[in-house]
Amino acid sequence: MSQSVKFSNVNTLFSKTLKQKINNYFQNSLQPKTGNRKIYLKAAILLISFAVLYLLLVFAPLHWSIAIALCVIFGANLAAIGFNIMHDAGHNSFSDNKNLNTVLSYSLNLLGGNIYFWKLKHNIAHHTYTNIDGEDHDIEVKFMRIHHDQKLRKHHRYQRFYFPLLYGISYLAWIFYQDYEKYFRGRMGHKTEQFHFPVKERIIFWVSKLIHFSLFVIVPIIFVGWLPTLIGLLISGTVCGMSLATVFQLAHVVEETEFKTIDQSKVEEEWMIHQIQSTANFATGSKVLTWLLGGLNFQVEHHLFPKISHVHYPALNRIVKQTCKEYKIQYNEFRSFWTAFRSHLKVLEALSK
């Protein structure tokens, strides 16, 4: 990650005003900025669902049609655990208990990922340099052109057709290939500096990868056979990957968001305004979607206040909107999932030329 890119610190009145309003909200409502009973209940539901689905798929004699349906649900469950439990815990916003946050953040390792890599890639690079090519590794998608500064290649002209395949395999590629690539390369991206990788985290990496491989590959093969295991892994992994990738893309790769070209390592806007310009909300009126996605349809609020739990985003949404209106700053929000999705398709088509 580059430390040379700097944001403007001149005239930061918007940031100061917004932070003060948010602090006043929590002081007046007497609520902690971390999660509450709602998030604990949701975590319990998702983790119990994970255990029940896993046990049924591996140990119960199911008809193939039921097994396929449960694999689809299992894939959605994996994504929901990532959205709701791991994500908040990884930002230390799940609970005011740091130890609990640490433990729950390792749910990503249980699902095949690596929380140490994720924090470097997501918490630092993505949340600091959102939508800046070469700095935000979340917009570095192989075979895709997502930023106008990325080199246009011949195959990009077809990206609006093949993107579902790439989004679908993204989770499996992440846990079975890209994590190992980062481990042995020692870098988040090809052009980035080497990162510090403590011995403790190296040990955790291999132990957790072994546990995940045992749970998701070896044990299922023993009890149901290699072909059902492969099919089940592909189905659940594809559903999970499509869910994760789509939520990210609708939050940042749509028509209204900005993809800046940085000259002389200087961003003209202050950091908070940059986050608003490079991020969009979608379907914030859907309580079902908000519950499933861990509030990540409120991406603007999340990027402005990543250390505040997602259970508070609907309330913060009103404050942020009003403050943006006061300072004449464009606030990006799509009324529905499908409106945002169509906008994403238009961006993919525009960047394919």
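Computed from a prediction, not measured in an experiment: that's the story for all the values here.

## Re the packing of helix α3 (residues 64-90) against helix α6 (residues 115-128)
Where α3 meets α6, the axes come as close as 11 Å, and the angle between the chain directions of the two elements is 75°. With respect to α6, the element α3 is oriented roughly perpendicular. Where α3 abuts α6, its residues M86, H87 and G90 lie against I115, W118, K119, H122 and N123. Residue composition of the contact of α3 with α6, grouped by class: three nonpolar, four polar and one charged.

## Here's the deal with the nonpolar core
Grouped together as the largest cluster of nonpolar side chains are 52 residues, with contacts concentrated most on F74, L78 and F282. Mapped onto this core, the elements with two or more residues apiece are α2 (37-59), α3, α7 (159-185), α8 (199-224), α9 (226-252) and α14 (337-350). Among the elements that line this core, the one with the most residues is α3, at 10 residues. Setting aside chain neighbours within four positions, we find F282 in contact with V247, L250, L289, L293, L296, N297, F334, S336, F337 and A340. L18, I22, V300 and C324 belong to the second largest nonpolar core, which has 19 residues in total.

## Considering the UniProt feature "transmembrane region" (unreviewed entry) in the protein chain
When the UniProt feature table is mapped to this numbering, "transmembrane region" (unreviewed entry) covers residues 39-60, 66-86, 161-177, 203-223 and 230-251. End C-alpha to end C-alpha, residues 203-223 measures 29 Å, and it is 100% helix and 0% strand.

## Here we look at the pattern of salt bridges
Two side chains of opposite charge can pair, provided their charged atoms sit close to one another. Counted under the stated rule, the structure contains seven salt bridges. Across the pair K209 and D179 runs a salt bridge, and its minimum N-O distance is 3.0 Å. Note that K209 is positioned in helix α8 and D179 in helix α7, a separation of 30 residues in sequence. Judged by relative accessible area, which is 5%, K209 ranks as buried. Residue classification places D179 among the buried residues on the basis of a relative accessible area of 1%. The shortest N-O distance in the salt bridge between E181 and R185 comes to 3.6 Å. Linking E181 with R185, this pair stays in helix α7, spanning four residues, or about one helical turn. If you follow the salt bridges from partner to partner, you end up with K142, E181 and R185 in one network.

## Quick look at the side chain of H87
With respect to the helices and strands, the residue H87 is situated in helix α3. Among the residues examined, H87 registers a relative accessible area of 7% and is labelled buried. Non-local contacts of H87, meaning those with residues more than four positions away in its chain, are made with G82, W118, H122, L296 and H302.

## So, the packing of aromatic side chains
According to the stated counting rule, one finds 30 aromatic pairs in the structure shown. Ring centres 5.3 Å apart and planes at 75° place the aromatic pair Y183 and F197 in the edge-to-face group. Here Y183 is found in helix α7, whereas its partner F197 is found in the loop between α7 and α8, with 14 residues between them in sequence. A centroid spacing of 6.0 Å and a plane angle of 15° characterise the contact between F337 and F341, whose relative ring orientation is stacked. Separated by four residues within a single helix, F337 and F341 lie in helix α14, roughly one turn from each other.

## Digging into α3
A rise of 1.5 Å per residue sets the reference length of α3, with its 27 residues, at 39 Å; its end C-alpha atoms lie 36 Å apart and thus fit the reference within 8%. A maximum bend of about 35° is found in α3 at G82.

## Observations concerning a nonpolar patch on the surface
Together, L55, F59, F176, F213, I218, I222, F223 and V224 give the surface a local cluster of nonpolar side chains, amounting to about 730 Å² of exposed area. Looking at the nonpolar patch, the elements with two or more residues in it are α2 and α8. Looking at which element gives the most residues to the nonpolar patch, the answer is α8, with five residues. Along the chain, L55 falls in helix α2.

Reading guide: rules and limits
Residues numbered from 1 in each chain as written. Predicted model: local features only at pLDDT ≥ 70, side-chain atom pairs only at ≥ 80, totals over all residues. Heavy atoms only, no water. Axes fitted to C-alpha atoms, helices over the stretch in contact; angles between N-to-C directions. Helix = DSSP H or I, 4+ residues; strand = E, 2+ residues; numbered from the N terminus. Parallel < 35°, antiparallel > 145°, perpendicular 65-115°, else oblique. Contact = heavy atoms within 4.5 Å. Nonpolar A, V, L, I, M, F, W, Y, C, P; charged D, E, K, R; others polar. Core = buried A, V, L, I, M, F, W, Y, C linked by side-chain atoms within 4.5 Å. Buried < 20%, exposed > 50% of the residue type's maximum accessible area, 1.4 Å probe, protein only. UniProt positions renumbered as here; feature names shortened; annotations may be inferred. Salt bridge = Lys/Arg side-chain N within 4 Å of Asp/Glu carboxyl O. Phe/Tyr/Trp six-rings, centres within 6.5 Å; stacked < 30°, edge-to-face > 60°. Expected span 1.5 Å × (residues − 1). Bend = angle between axes of the 7 residues up to and from the residue. Patch = residues over 30% accessible without salt bridge, like charges linked within 9 Å, V, L, I, M, F, W, Y side chains within 5 Å. Areas by Shrake-Rupley, 256 points an atom, 1.4 Å probe, with all protein chains shown as cover.

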